[in-house]
Amino acid sequence: MLARRLAWLAVLGAGVISLVASTHPHLFLPLWSLPGGDKLGHFVVMGSVSLAVVIGLSSVVVLGRPLGVLGTLTLVLVFVTLEEVSQMLIPGRNFSLADLFASYAGVLSLGTLGALWVLWRRRSGSVLGAGRP
C-alpha cells in the first residue's frame, strides 16, 4: 500500500537527516543560522514522520491487533526520544531538551492531524489504500 511505503520512507528519511547532521553538520548551517531554525527543523521532520506513520502504519496488525493511532504515536515518540538521547554518544552532537520538545510538538501536532485523517477515512467507509498489502 502506498501509505505504508510512504511511512517507511519518512522514517528512513528522518534517519538519513539525523545521520547527515551527525557526519556533515556544515550542510545544516543555513537552517541553524535562522532564529529558531533548528527547532523548526525538529518540528517539521519529526512531525512529518508522525503524520506519515499514523496514516500508513496504524492499521498494521501486531500480535493479532491493529497497532492503532496511539500505538503508532507511541512508537514515534520512542524513536524521537532515542534519536535525541543518542546524540550524547556522538562526538560533535549535543543532547538538547529544547530540540526534544520541538520534536515532541511536531509529533503531537502533525500526528493529531494524521489521527483525524485516519478517523475521517474510517468513518467515510474507506481506508487509505485499503485492499492492497
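Parameters at a glance
- Residues numbered from 1 in each chain as written.
- Predicted model: local features only at pLDDT ≥ 70, side-chain atom pairs only at ≥ 80, totals over all residues.
- Heavy atoms only, no water.
- Phe/Tyr/Trp six-rings, centres within 6.5 Å; stacked < 30°, edge-to-face > 60°.
- Helix = DSSP H or I, 4+ residues; strand = E, 2+ residues; numbered from the N terminus.
- Buried < 20%, exposed > 50% of the residue type's maximum accessible area, 1.4 Å probe, protein only.
- Core = buried A, V, L, I, M, F, W, Y, C linked by side-chain atoms within 4.5 Å.
- Contact = heavy atoms within 4.5 Å.
- Axes fitted to C-alpha atoms, helices over the stretch in contact; angles between N-to-C directions.
- Parallel < 35°, antiparallel > 145°, perpendicular 65-115°, else oblique.
- Left-handed = near helix turned anticlockwise from the far one by under 90°.
- Nonpolar A, V, L, I, M, F, W, Y, C, P; charged D, E, K, R; others polar.

1. Concerning the packing of aromatic side chains
Part 1: If you walk through the whole model with that rule in mind, you get two aromatic pairs.
Part 2: Ring plane angle 50° and centroid distance 6.2 Å describe the contact between Phe-101 and Tyr-104, whose orientation is recorded as tilted. Of this pair, Phe-101 and Tyr-104 are both found in helix α5 (residues 97-123), three residues apart, which corresponds to roughly one turn of the helix.
Part 3: Judged by its relative accessible area of 23%, Tyr-104 is partly exposed.

2. Brief notes about the nonpolar core
The nonpolar side chains of a soluble globular protein tend to be buried, and buried together.
Part 1: Core analysis: the largest hydrophobic core is formed by 17 residues, its most contacted members being Val-53, Val-54, Val-69, Val-80 and Val-107.
Part 2: Listing elements by their share of this core, those giving two or more residues are α1 (2-23), α3 (37-57), α4 (68-85) and α5.
Part 3: Of all the elements, α3 adds the most residues to this core, at six residues.
Part 4: Once residues within four sequence positions are removed from consideration, Val-69 is found in contact with Val-54, Ser-58, Ala-115 and Val-118.

3. What about the packing of α3 against α5?
Part 1: The N-to-C vectors of α3 and α5 enclose an angle of 30°; their axes lie 7 Å apart at closest approach. By the criterion of interaxial angle, the relationship of α3 to α5 is roughly parallel. For the element pair α3 and α5, the recorded crossing hand is right-handed.
Part 2: By residue class, the composition of the contact of α3 with α5 is 14 nonpolar, nine polar and three charged.

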